[in-house]
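# An overview of the molecular structure
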Amino acid sequence: MVTKLSHVSLFVLDQNKAYDFYVNKLGFRVHTDVTMDNGMRWLTLNPPEQPDLEIALLTVTSSVYPDADVRNALTLLLEKGVLGAGVMHTPDCRATYEELKAKGVVFKNEPKEQFYGIEAIITDGVGNWFSMTQPKEH
Amino acid sequence: MNTSNEIYKKIVAAKLFIDENFHQPISLAAISKEACISQYHFHRLFSRTYRKTPHQYLTQKRIHLARLLLKENKLTVTEICNHIGFESISSFSSLFKKEIGVAPQSYREHKNVEKKLAAEQPKAFIPFCFIETYKLDQ
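Residues numbered from 1 in each chain as written. Chains lettered and ligands numbered in written order. Predicted model: local features only at pLDDT ≥ 70, side-chain atom pairs only at ≥ 80, totals over all residues.

Another aspect to go through is the pairing of strand β7 (residues 117–123) of chain A. Residue and element names in this part refer to chain A. Note that strand β6 (residues 107–114) and β7 share five bridges and pair antiparallel. By the bridge assignment for β7, Glu-113 is matched with Ile-118. Hairpin connection, β6 to β7: the antiparallel pair is bridged by two residues. The pairing of β7 with strand β8 (residues 128–135) spans seven bridges and is classified as antiparallel. If you follow Glu-119 over to β8, its bridge partner there is Thr-133. Hairpin connection of β7 to β8: four residues between the antiparallel strands, including Gly-125 at a positive phi of 75°. (Pairing = 2+ DSSP bridges. Helix = DSSP H or I, 4+ residues; strand = E, 2+ residues; numbered from the N terminus.)

Right, dumping it as structure tokens:
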């Protein structure tokens, strides 16, 4: 029986910029930040109210993908910002939108009513976009 | 009830005021003044927007910073207590224990052990599938 997700990986163009976005702007918590002997940085974060989920922020390196075609394709997708990485929850989409916009975060879409709640589309600036959703109260 | 954009901007401004000043002894009156809303309405609107009272949010910010400072090992527990805006070490310690489950000094000791282990054996903290796939051991 599978019960929950404990680790997910998220490819980013730049770990330092990703750190600034997820930690300083969104308020994610750093779980582990160590640099391995081969120079690879293992950086994992927890969403603010989800301490048992580690999101590993990874860069596209030759050690991970020796095939240059694969590396280039993945980098291109990140550079184009077309990878939709998931859904983040917020207690109030419009307030969080205003706050993050003031902090310089770029949105693809403004908050909009959907049948499941209020949703804006947020970009992390390092290759990914997320739905930022305030679920409808039932 | 819908919250108008103007009200959102005020609530967000108040939240950012807390984010910037939470390490000082700030009152609900000072925060609601920042939002240009009466204390009663501010408390109600903030709680509805963020699903926690201004006081709960302020406490959460302080405890989060306390955890970071305890992990850093630069300041004593008393210095941290003063630095994050608590008036007495006993109120800080009991609140920290209530929120985190252990006293500040125990938390520091536990994190020191974890940090030592992470420095000595970083791979012990990473699922093997990641080590293998992302060539973390090469």
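Once the structure has been displayed, the description carries forward.
It is worth spelling out helix α2 (residues 68–80) of chain A at this point. With 13 residues, α2 of chain A should cover 18 Å at 1.5 Å per step; its first-to-last C-alpha distance of 18 Å lies within 8% of that length. Gly-81 of chain A occupies a position one or two residues after α2 of chain A and carries a positive phi of about 65°. (Expected span 1.5 Å × (residues − 1).)

Another point: the domain arrangement of chain A. All names here are of chain A. Each assigned domain of chain A is listed with its residue range as follows: domain 1 (1–61) and domain 2 (79–138). In this structure, domain 1 and domain 2 have C-alpha centres spaced 19 Å apart. The partner domain 2 presents 10 residues to the nine residues of domain 1 that form the contact. When contributions to the side of domain 1 that touches domain 2 are tallied by element, the ones reaching two or more residues are β1 (7–11) and α1 (15–25). The element contributing the most residues to the side of domain 1 that touches domain 2 is α1, with four residues. Per-class residue counts for the side of domain 1 that touches domain 2 are six nonpolar, no polar and three charged. (Domains from an automatic or database assignment. Contact = placed C-beta atoms within 7 Å. Nonpolar A, V, L, I, M, F, W, Y, C, P; charged D, E, K, R; others polar.)

Time to look at the sheet that holds strand β5 (residues 83–89) of chain A. Residue and element names in this part refer to chain A. Here four strands make up an open sheet; going across it, the order is β5-β8-β7-β6 and the pairing mixed. Sheet topology places β5 and β6 at the edges, where each strand pairs with a single neighbour. When the angles between neighbouring strand axes are averaged without regard to direction, this sheet yields 20°. (Axes fitted to C-alpha atoms, helices over the stretch in contact; angles between N-to-C directions.)

Further remarks concern the pairing of strand β3 (residues 41–46) of chain A. Residue and element names in this part refer to chain A. For strand β2 (residues 29–35) and β3, the ladder comprises six bridges, and the chain directions are antiparallel. Counted as the bridge partner of Thr-32 is Thr-44 from β3. Hairpin connection, β2 to β3: the antiparallel pair is bridged by five residues, and Gly-39 has positive phi, about 90°. Relative to strand β4 (residues 54–58), β3 runs antiparallel, the two being bridged by three bridges. Following the sheet pairing, Leu-45 is matched in β4 by Ile-55.

Before going further, it helps to spend a moment on the interface of chain B and chain A. Reports of interface size often rely on the accessible area that becomes lost once the parts have come together. Chain B puts 19 residues into the contact, and the matching count from chain A is 18 residues. For the side of chain B that touches chain A, the leading source of residues is helix α1 (residues 5–21) of chain B, giving six residues. Residues of the side of chain B that touches chain A, tallied by class, amount to 13 nonpolar, two polar and four charged.

By way of backbone hydrogen bonds, the strands of a sheet pair with one another, either parallel or antiparallel. All names here are of chain A. Taken together, four strands build an open sheet; the order of strands is β1-β4-β3-β2 and the sheet is mixed. Lying at the two open borders of the sheet, with one neighbouring strand each, are β1 and β2. Strand-to-strand twist across the sheet, computed as the mean angle between neighbouring axes with direction ignored, equals 25°. Pairing of β1 with β4, which is carried by five bridges, proceeds in the parallel orientation.

This part takes up unusual backbone geometry. Residues and elements named next belong to chain B. Phi is positive for Cys-36, which is not a glycine, with a value near 55°. In this structure, Cys-36 sits in the loop between α2 (28–35) and α3 (39–50). Taking the C-beta count within 10 Å as the criterion, Cys-36 has 11 such neighbours and is therefore assigned exposed. One non-glycine residue, Arg-51, adopts positive backbone phi at about 60°. Structurally, Arg-51 is set in the loop between α3 and α4 (54–72). Its 12 C-beta neighbours within 10 Å are what place Arg-51 among the exposed residues. (Buried ≥ 20, exposed ≤ 12 C-beta atoms within 10 Å, placed from the backbone.)

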